[in-house]
Amino acid sequence: MATPTPLSRLFTVVLAGVLAGLVLAVVALPGNLLLGLAAQSALGNYASLPDALRTPATPQRSYLYANDGKTLLTTFYDINRTDVALAEIAPVMRQAIVAIEDRRFYDHGGVDLRGMLRALVTNVTEGGTEQGGSTLTMQYVRNVLKTDPSRTAEERAAATEQTVVRKIQEIRYANALEQRLGKDEILNRYLNIAYFGSGAYGIAAASQRYFSKTPAELTLAESALLAGLVQSPEAYSPIDGDAEAALARRGHVLDAMAETGAVTAEQAAQAKAEELTLDPSEQANGCAASDDGSDGWGFFCDYLRRWWVDQPEFGDTVDEREQALRRGGYTVVTTLDPQIQATAQQQATEVYGYDNPRALPIAAVEPGTGRVLAMAVNRHYSLDANPDGQVNYPNTVNPLISGGGGVAGYQAGSTFKLFTMLAALESGRPLATGFDAPSRLPTRYAADGDSSCGGRWCPANANPDWMDGYRMMWDGFGRSVNTYFVWLAEQVGPEKVVEMAQRLGITFRASSDANFAADDAANWGAFTLGVAATTPLDLANAYATVAAEGTYCAPVPVVSVTAPDGERLPVGDPSCRQVLDADVARAATDAARCPVGQQSAFGQCNGGTATSVNRILDGRPVAGKTGSSDQAATESFVGFTPQVAVAGIAANPDDPTDSVGAAVQARVIDAVARIIDTAVDGEPEQDFAAPSRELVGTPRRPVERDPFDDRRPAGEDLLSDLRRWFQNRG
């Protein structure tokens, strides 16, 4: 108990005089006149109340769940509280708070003048303790005004000032509330805002903080303990204060409950005899709290937070939107798939450990929606310090997977050949477009150094014996023939290739790349070889656009956002548009079957750089592309089915000169393939639709079987023929 100061004693003397006069005046008034004064709102008027009292806007915790709506990722809060309905609070908890804080609650009209005067007289005449005379309604008023987020800090502080004016205003507001609201509504509001110590505001947060249970599950002894905390939360808190004092206070509450008839004397005695049994739990707060070191949710959480502060629905400014996340009480169902995320994190950390300067950031996206299913990397999302000399490992909060905040990304090598192929197909060049690819190809672009042939850029094939020769898009893509795709980009125009990449969502975060794209794209011949920096998220989403037959969807981290009142906000729905002709996307997909060891619909695949993918997926239709940057500085792989697209890029985020080496590519391929396998496990198998004959052209090599041939192969029945026709139709 706090010892009253001279100032507080003076205040109570003055207020006692004011209230004594008020009581005498009220007693002396004729009954009809008293009713008349009440009718004229002599004590308060509901319409004149602050908005926060009529429509509570008290801060609440926001919850982030995985896409199953059940797996809690983390919460955001400035004040740890969550509203619950009165029916969700154990009856003994309601009875306990009334018994100890305001036993005449159901009898008075918001102000208990008799109880207030008794408390004031005690405070003046007895120097040992201060007694409160505030009713639950008055306490509710004070709690709302001191936490109202719409008020300034000065206004919130004024709500607890020891002045006669403030106390009279509190009385008026309490009386006005009681004229309009029922007792149960006021009790419910009080229990949802009262401070119970240890950072817990409201009964829901307190139940979790002290006992790791819901308010409906509270026992009599637990309810009495919590009810006893509100008078002096920090002093009585059994976690942060004095456990013996908390037990003594619990006994006092139980005695009060017995006196009011809420429980019998025997029940009170039994509860008093119970030992103090706590099961405290910390409530996660923010993205750093969501990273438990195993599933790596922190980077996805950070991506969501960055997305959130860009949404105008949550406020006019970034600060307002950030505050909305921490105070708005939203329920956010995210797009993160726990199983895919767990596999992605496992694969990322198997390739490189947490303490390795090299990293494997991975992203998974759902085609046709843009929903981000997983974001993993071998780093802890944490602000903890790193050992000397280790800039971003094992701990970092930099967006290594999605980019931004100074992270431009990494070169993804030959995965960019997809954009050249799409630009060529869109220009009318069919998959059968052929070229006799040499070991080195002199181009029209000026260059010097090892890549120069007579002052011109002269790219080379990495494996001439396997890559050189007559190539079409199928085997040029399958074998990743540099000279074929540099030639093809020259035919189309590098600026068309750059524009295609941007159309599919590739963002140039490095200023040098952005400047080249804006000012000299027509001379960016090396773009097709993946020299621009990108991120796994951008890359996965670009390939997801092809998987969705040309439908680009902006990446999105949420399925739904629901306000505390149950209203679903108009955010998070897929934002999609057709950016490619579906036939063009189908043709590119047909060629992308070659790298992964599968066969195109036209039998033109004759070798691939990632043939292990077909084995891992057990023959399930899949497509993709490998990528190696110059000197194997980075190694990449993107794979996709109609249901998921996954990209991984092995790199050193802190040192681009540290080449990861070609040997790691097989492990990157394996990691991405296994994530895809998890994503499609249990899902119906979907085939890719074949492109039109127009975009196929006339291959130089014979087609193993023309998918447009209406003749039924021997041994196949009509049902098989129809199944194949539907698959080709998509």
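These numbers were taken from a predicted model, which means no experiment stands behind them.

Enquirer: Explain the overall build of the protein chain here, please?
Expert: In terms of helices and strands, the protein chain carries 29 helices and 19 strands. Burial status across the protein chain gives 53% buried among its 730 residues. Residue pairs at least 24 apart in sequence account for 71% of intrachain contacts in the protein chain once pairs closer than 6 positions are excluded. Looking at the protein chain as shown, the accessible area adds up to about 30,200 Å², and 49% of this sits on carbon and sulfur atoms.

Enquirer: Help me out: how do you make sense of the sheet that holds strand 3 (residues 331–334) in this one?
Expert: Strand pairing in a sheet takes place through backbone hydrogen bonds and is either antiparallel or parallel in direction. Strand order in the open sheet made by the 4 strands is 2-1-3-15, with mixed pairing throughout. The open sheet has two edge strands, strand 2 (72–76) and strand 15 (558–562), and neither has a second partner. Direction aside, neighbouring strands of the sheet carry axes that sit 15 degrees apart on average.

Enquirer: Mind showing me how you'd approach the confidence of the model for the protein chain here?
Expert: Interpretation of the predicted coordinates at a detailed level should be avoided for regions scoring low in pLDDT. Across the protein chain, the average pLDDT comes to 87, with 86% of residues at 70 or higher. Predicted confidence is poor over residues 20–42, with pLDDT under 50, and the contacts of this stretch with residues over four places away or in other chains come to 7 contacts. For residues 127–131, every residue scores under 50 in pLDDT, and the model assigns this stretch 13 contacts once sequence neighbours within four places are set aside.

Enquirer: Would you mind going over the pairing of strand 17 (residues 623–628) with me for this structure?
Expert: Consecutive side chains of a regular strand alternate in pointing toward one face of the sheet and then the other. Burial within strand 17 is extensive, with 5 of its 6 residues counted as buried. Joining the antiparallel neighbours strand 17 and strand 18 (residues 635–640) is a turn of 6 residues, in which Gln631 adopts a positive phi near 60 degrees.

Enquirer: Which parts of the structure should I look at to understand the packing of aromatic side chains?
Expert: Counting across every chain of the model gives 22 aromatic pairs. Their ring planes at 15 degrees and their centres at 6.2 Å tell us that Tyr63 and Tyr65 sit as a pair that is stacked. A network of ring pairs unites the aromatic residues Phe416, Phe419, Phe508, Phe516, Trp524 and Phe527 as a single cluster. Above the plane of the ring of Phe105 lies Lys183, whose end atom (NZ or CZ) is 4.5 Å from the centre. Here Lys625 stacks its cationic end above the ring of Phe477, 5.6 Å away from the centre of that ring.

Enquirer: How should the layout of surface pockets be read in this particular structure?
Expert: A probe matching the size of a water molecule, rolled over the atoms, marks out where space remains unfilled. The computed volume of the second largest pocket comes to approximately 840 Å³. If you go around the second largest pocket, you meet 33 residues; those closest to its centre are Asn482, Leu529, Ser628, Ser629 and Asp630. Broken down by element, the lining of the second largest pocket gets its largest block of residues, 3 residues, from strand 17. Split by residue class, the lining of the second largest pocket holds 14 nonpolar, 15 polar and 4 charged.

Enquirer: Where do I start with the nonpolar core in this structure?
Expert: It is characteristic of soluble globular proteins that their nonpolar side chains tend to be buried jointly. In this structure, Trp308 and Phe419 are the most contacted members of the largest nonpolar core, which totals 109 residues. Once you skip the residues sitting within four places of it in the chain, Phe419 turns out to touch Val497, Met500, Ala501, Leu504, Ile506 and Ala542. Core analysis: the second largest hydrophobic core is formed by 61 residues, Phe105, Met138, Ala174 and Ala200 among them.

Enquirer: So what exactly am I meant to see when it comes to the side chain of Thr396 here?
Expert: Looking at where Thr396 falls in the secondary structure, it is placed in strand 7 (residues 395–396). At 2.9 Å, the side chain of Thr396 and the side chain of Asn392 are in polar contact. Leaving out residues up to four positions away in the same chain, Thr396 has contacts with Phe299, Arg379, His380, Tyr381 and Ser382.

Enquirer: Can you walk me through the sheet that holds strand 18 in this structure?
Expert: Spatially, the 5 strands line up as an open sheet ordered 5-4-19-18-17, and their pairing is antiparallel. The open sheet is flanked by strand 5 (372–376) and strand 17, the only strands paired with a single partner. Strand-to-strand twist across the sheet, computed as the mean angle between neighbouring axes with direction ignored, equals 5 degrees. Along the sheet, helix 24 (residues 536–547) makes contact with strand 4 (362–365), strand 5, strand 17, strand 18 and strand 19 (645–650), crossing strand 19 at roughly 150 degrees. The strands touched by helix 27 (residues 665–680) within the sheet are strand 4, strand 17, strand 18 and strand 19, with strand 18 carrying the most contacts at an inclination of about 25 degrees.

Enquirer: Any chance you could explain the packing of helix 18 (residues 417–426) against helix 21 (residues 482–492) here in plain terms?
Expert: Helix packing for two helices is described by the angle between their axes and how far apart those axes are. Running from amino to carboxyl end, helix 18 crosses helix 21 at an angle of 45 degrees, the nearest separation of the two axes being 9 Å. With respect to their mutual orientation, helix 18 and helix 21 come out oblique. You can see that helix 18 and helix 21 cross each other, and the crossing is left-handed. From helix 18, Lys417, Thr420, Met421, Ala423 and Ala424 reach across to helix 21, where they touch Asn482, Phe485, Leu488, Ala489 and Val492.

Enquirer: How should I be thinking about the pairing of strand 1 (residues 62–65) in this particular structure?
Expert: Across the two faces of strand 1 the burial is the same, with Ser62 and Leu64 and Tyr63 and Tyr65 all buried. With 4 bridges joining them, strand 1 and strand 2 adopt antiparallel strand pairing. Note that in strand 2 the partner of Tyr65 across the bridge is Leu72. Alignment of strand 1 against strand 3, held across 3 bridges, turns out to be parallel.

Enquirer: I keep staring at the pattern of salt bridges and nothing clicks. Help me out?
Expert: Two side chains bearing opposite charge may form a pair once their charged atoms approach each other closely. Throughout the structure, instances matching the rule amount to 23 salt bridges. In this structure, Arg249 engages Glu101 in a salt bridge whose closest nitrogen and oxygen atoms are separated by 3.9 Å. With Arg249 in helix 13 (residues 243–260) and Glu101 in helix 4 (residues 91–101), the pair connects residues that are 148 residues apart, well separated along the chain. For the pair shown, Arg249 and Glu101 are each scored as buried.

The rules behind the values
- Residues numbered from 1 in each chain as written.
- Predicted model: local features only at pLDDT ≥ 70, side-chain atom pairs only at ≥ 80, totals over all residues.
- Heavy atoms only, no water.
- Helix = DSSP H or I, 4+ residues; strand = E, 2+ residues; numbered from the N terminus.
- Buried < 20%, exposed > 50% of the residue type's maximum accessible area, 1.4 Å probe, protein only.
- Contact = heavy atoms within 4.5 Å.
- Areas by Shrake-Rupley, 256 points an atom, 1.4 Å probe, with all protein chains shown as cover.
- Pairing = 2+ DSSP bridges.
- Axes fitted to C-alpha atoms, helices over the stretch in contact; angles between N-to-C directions.
- pLDDT = per-residue confidence, 0-100.
- Phe/Tyr/Trp six-rings, centres within 6.5 Å; stacked < 30°, edge-to-face > 60°.
- Lys NZ or Arg CZ within 6 Å of the ring centre and 35° of its normal.
- 1 Å grid on protein atoms, 1.4 Å probe; cavity = no way out; pocket = protein on both sides within 12 Å on 5 of 7 lines; lining within 4 Å.
- Points joined across faces, edges and corners; volume = space filled by probe spheres on them.
- Nonpolar A, V, L, I, M, F, W, Y, C, P; charged D, E, K, R; others polar.
- Core = buried A, V, L, I, M, F, W, Y, C linked by side-chain atoms within 4.5 Å.
- Polar contact = N/O pair within 3.5 Å; in protein donor to acceptor, adjacent residues only side chain to side chain.
- Parallel < 35°, antiparallel > 145°, perpendicular 65-115°, else oblique.
- Left-handed = near helix turned anticlockwise from the far one by under 90°.
- Salt bridge = Lys/Arg side-chain N within 4 Å of Asp/Glu carboxyl O.

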